[in-house]
Amino acid sequence: MNRPEGGGLDWHSIDWAKCEDNVRRLRRRIFKASQEGDLKRVRNLQKLMLRNRSNTLTSVKRVTQHSSGRKTAGIDGELALTPSERGKLAAELHRSSQPWRVRPVKRVFIPKSNGKQRPLGIPVIRDRVLQARVKNALEPEWEARFEPKSYGFRPGRSCQDAIAAIFWTVKGPSPRRLWALDADLSAAFDRIDHEHLMSSIDRFPARDLIRQWLKAGVIDRGRFAPTEEGTPQGGVISPLLLNVALHGLEQAAGCQYAVTTPGRLPGAVPGTPVLVRYADDFVVLCHDEAQVHEVRVRLEEWLAPRGLRFNEEKTKVVHLSQGFDFLGFTVRRFGGRLLIQPSTEACKRLRERLRTEMKALHGHNALAVVTRLAPIIRGWSAYYRGVASTDAFNSMDNYMWRLTYKWARRSHPNKTRYWVVDRYFGRFNQSRNDRWVFGIRESGAYLTKFAWTGIKRHQLVKGAASPDDPALVQYWQDRRRKTTPPPMDKTSFILAVRQKGLCPLCKQALIVGAEYEPDSPREWINWFAAKKKALNKHHFTYRRDGGTDERANFRLVHTECHRQHHAGDGKRAATTCPPAKPLGLA
């Protein structure tokens, strides 16, 4: 490995495919040992993972390159946004033989959907990398234990899986479970009992480091406050610790699963409830109202020693004919059938977001409108494309038309409405016979519509399947290929399909985390905004060597891989290889 001046690693010379493969194989070995109940082997493999150089490198990459919070510093103000800074950070963490002293987290607040603020704790960059490294050692052990209907903050699982699990449980003309406990835990991240959590982790090799993170304290407006309970939201390992603390919730509710049909996956035993959990939000589907209250009492007793309790304002008992909201969806039986749609509150929040964005765009040009709103439309419709969203999509398209028309009239107060319509609206999308598409005639860029996103039911992940299970490698490969790809321009889409969703330079998925999806409309929106520049079209044969601009000579690659590939080309490559063509997502 080449080392530049300053003692860091040459970031561009790292073989990322090999590093990812090393970490993946170790995770699978830990999973298998845990599945077999060989605890001694689990601990030995976890020690190996914690010392593993590939684990350190991939942890640095994920925290400083892939994480949406990579530009947010902790209390020390340090970041690692350049290759040299990343290489130096990786070298320091891997070579250091001195115990790391955990730093307090920085308190920041983000707005919640109900108007309140959610407190986050932002660790320093070194703590985040160390947490990612520890997570790779701890997570596979628990992936082999976690219950089948736990979907939050787990690899290969998403909100769509939780909604699909509810659908398949209560669909049909005469379902057995018609009552639901729509539950929410009060400040779950902030109330987790440390001692109970540490006893669950048992003799994990890095348990002392985890205890330090739990006890690190918070810096809020310059003042230090100790943390005697909870794990800060914002930490890389915090979601995993929450799942560990809540492991056993299904068993406590009385859920039982058995193979009712030969050759089929285990199903719920008749007469027992079904609990579907996403992080600290969960729904218990029961046969009658009495069973709901019985389950609630049992869960209250189970949660108490873990420092947790129900949020009385958000926890309620409902019949499916009344319906309930879960993860931004409304689940309700109507007219003898189950109907799952975007919730009224979710639609209201989106309208407010679009209205606010359009007000901020007063005085800007049409390109700014398309650039700002395209990720919002793509992201929101991608999140809700797996349910009955046609009416909601059409409603949002009508609302968007009013907003863009008002923006156009305001931008040209001295022009007639016919002139405004002729300038900004037309059939910009040649594949659709839609006259009222907002766009730019000079460049051909246009604003996509919600209704153009096809409704496709999400394929539910089977049972307790995990990407760390070595026996299910083919299942996850097939699942990734069947995943609906993100909207792309035609050439990029054809290249992605031809390459089976893999980057030919690093042999990893083109879309980081392609086998699972962002977990909220906001994350989808941020995903589309970020991924617009995350993939490049790369000339397989350079033009200096006779290569052409034909589609057959293009390969779709990660922007970072593209930059790394050309890092050694020197001046000659810079002058002969054409500039990167960004992936079209707008």
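Residues numbered from 1 in each chain as written. Predicted model: local features only at pLDDT ≥ 70, side-chain atom pairs only at ≥ 80, totals over all residues. Heavy atoms only, no water.

A. Region of interest: the overall build of the protein chain. Counting its secondary structure elements, the protein chain contains 21 helices and 18 strands. In the protein chain, which comprises 586 residues, the share counted as buried stands at 50%. Considering only contacts within the protein chain whose residues lie at least 6 apart along the sequence, 68% involve residues at least 24 apart. Accessible surface computed for the protein chain: about 28,300 Å², of which carbon and sulfur atoms make up 49%. (Helix = DSSP H or I, 4+ residues; strand = E, 2+ residues; numbered from the N terminus. Buried < 20%, exposed > 50% of the residue type's maximum accessible area, 1.4 Å probe, protein only. Contact = heavy atoms within 4.5 Å. Areas by Shrake-Rupley, 256 points an atom, 1.4 Å probe, with all protein chains shown as cover.)

B. Fine view of the sheet that holds strand E9 (residues 281-286). Strand order across the open sheet formed by 4 strands is E8-E9-E3-E10, with antiparallel pairing between neighbours. Each end of this open sheet is capped by a strand with a single partner; those strands are strand E8 (274-278) and strand E10 (316-319). On average, each strand axis in the sheet is inclined to that of its neighbour by 20 degrees, with strand direction left out of account. Examined bridge by bridge, strand E3 (residues 179-184) and E9 share 6 bridges and lie antiparallel to one another. Across the sheet, residue Trp-179 finds its bridge partner in E9, namely Cys-286. (Pairing = 2+ DSSP bridges. Axes fitted to C-alpha atoms, helices over the stretch in contact; angles between N-to-C directions.)

C. Just the environment of Thr-272, in detail. Its location among the elements puts Thr-272 in the loop between strand E7 (267-268) and E8. Note: C-alpha distance between Thr-272 and Tyr-257 (15 residues apart in sequence) is 8.8 Å. Each residue touching Thr-272, except ones within four places of it in the same chain, is listed here: Arg-177, Gly-254, Gln-256, His-287 and Gln-291. One polar contact links the side chain of Thr-272 to the main-chain carbonyl oxygen of Val-269, over a distance of 2.5 Å. (Polar contact = N/O pair within 3.5 Å; in protein donor to acceptor, adjacent residues only side chain to side chain.)

D. Fine view of the sheet that holds strand E4 (residues 218-220). With mixed pairing, 4 strands are arranged side by side in an open sheet as E2-E1-E4-E5. Two strands close off the open sheet at either side, each with one partner strand: strand E2 (117-122) and strand E5 (223-225). Across the sheet, the axes of successive neighbouring strands diverge by a mean angle of 40 degrees, strand direction being ignored. With 3 bridges joining them, E4 and E5 adopt antiparallel strand pairing. Bridging across to E5, Asp-220 finds its partner in Arg-223.

E. Looking closely at the packing of aromatic side chains. Enumeration over the complete set of coordinates arrives at 22 aromatic pairs. On the numbers, 5.0 Å between centres and 5 degrees between planes, the contact of Trp-401 with Tyr-405 is stacked. You can see Trp-401 and its partner Tyr-405 sitting in helix H15 (residues 390-411), 4 residues apart, about one turn around the helix. The structure contains a cluster of three or more aromatic residues connected by ring pairs, namely Trp-401, Tyr-405, Trp-407, Tyr-424, Phe-425, Trp-436 and Phe-438. Residue placement shows Lys-415 over the ring face of Trp-419; its charged tip is 5.0 Å from the ring centre. (Phe/Tyr/Trp six-rings, centres within 6.5 Å; stacked < 30°, edge-to-face > 60°. Lys NZ or Arg CZ within 6 Å of the ring centre and 35° of its normal.)

F. Inspection of a positive patch on the surface at higher detail. Among the surface-exposed residues, Lys-116, Arg-118, Lys-314 and Arg-522 lie close enough to one another that they form a single positively charged patch. Within the element layout of this structure, Arg-522 appears in helix H19 (residues 521-531). (Patch = residues over 30% accessible without salt bridge, like charges linked within 9 Å, V, L, I, M, F, W, Y side chains within 5 Å. Salt bridge = Lys/Arg side-chain N within 4 Å of Asp/Glu carboxyl O. Lys, Arg positive; Asp, Glu negative; His and termini not counted. Charge placed at Lys NZ, Arg CZ, Asp CG, Glu CD.)

G. Fine view of the nonpolar core. One finds Ile-210 and Leu-299 to be the most contacted residues of the largest nonpolar core, which totals 135 residues. Counting residues in hydrophobic clusters, the runner-up holds 10 residues, among them Leu-495, Leu-510, Phe-554 and Cys-561. (Core = buried A, V, L, I, M, F, W, Y, C linked by side-chain atoms within 4.5 Å.)

H. Representation of the packing of helix H13 (residues 344-360) against helix H14 (residues 366-383) in the model. Across the interface, H13 lies against H14 with an axial gap of 10 Å and an inter-helix angle of 170 degrees. Taken together, the axes of H13 and H14 lie roughly antiparallel to each other. Contacts from Ala-346, Cys-347, Leu-350, Arg-353, Leu-354, Glu-357, Met-358 and Ala-360 in H13 reach Val-369, Arg-372, Leu-373, Ile-376 and Trp-380 in H14. The residue makeup of the contact of H13 with H14, split by class, is 10 nonpolar, no polar and 3 charged. (Parallel < 35°, antiparallel > 145°, perpendicular 65-115°, else oblique. Nonpolar A, V, L, I, M, F, W, Y, C, P; charged D, E, K, R; others polar.)

I. Up close: the environment of Val-292. Along the polypeptide, Val-292 turns up in helix H12 (residues 289-303). The buried category is assigned to Val-292, whose relative accessible area is 0%. Measuring from C-alpha to C-alpha, the distance between Val-292 and Ala-253 comes to 9.6 Å, with 39 residues separating the pair along the chain. Apart from the residues within four sequence positions on either side, Val-292 is in contact with Trp-179, Ala-180, Leu-181, Cys-286 and Val-317.

J. Structural context of the packing of H15 against helix H16 (residues 417-424). One can describe the packing of H15 onto H16 by two numbers: an axis separation of 10 Å at closest approach and a directional angle of 115 degrees. Where H15 crosses over H16, the handedness of that crossing is right-handed. Of the residues in H16, those in contact with Tyr-405, Trp-407, Ala-408 and Arg-409 of H15 are Arg-417, Val-420, Val-421 and Tyr-424. Looking at the contact of H15 with H16 residue by residue, the class counts come to 6 nonpolar, no polar and 2 charged. (Left-handed = near helix turned anticlockwise from the far one by under 90°.)

K. A look at H12. With 15 residues, H12 extends 21 Å from end C-alpha to end C-alpha; this agrees with the ideal 21 Å at 1.5 Å per step. All of the buried residues in H12 are Gln-291, Val-292, Val-295, Arg-296, Leu-299, Trp-302 and Leu-303. Each buried residue of H12 lies within a common arc of 140 degrees when the element is viewed along its axis, so the set occupies one face. Residues Ala-290 and Glu-301 are exposed on H12 and point more than 90 degrees away from its buried face. At its buried positions, H12 is contacted by E3, helix H10 (238-245), helix H11 (249-253), E8, E9 and E10. With a side-chain oxygen lying 3.2 Å from the backbone nitrogen of Ala-290, the N-terminal cap of H12 falls on Asp-288. (Expected span 1.5 Å × (residues − 1). Arc of directions from axis to C-beta.)

L. Structural view of the side chain of His-538. With respect to the helices and strands, the residue His-538 is situated in strand E16 (residues 535-539). Those residues in contact with His-538 that sit more than four places away from it in its chain are Asn-553, Phe-554, Arg-555, Val-557, His-562, His-565 and His-566.

M. The side chain of Ser-186, seen in detail. Relative to the elements of secondary structure, Ser-186 occurs in the loop between E3 and helix H7 (188-191). Of the residues examined, Ser-186 reaches a relative accessible area of 15% and is grouped as buried. Setting aside anything within four residues of it in sequence, one finds Ser-186 in contact with Arg-191, Arg-309, Phe-310 and Asn-311.

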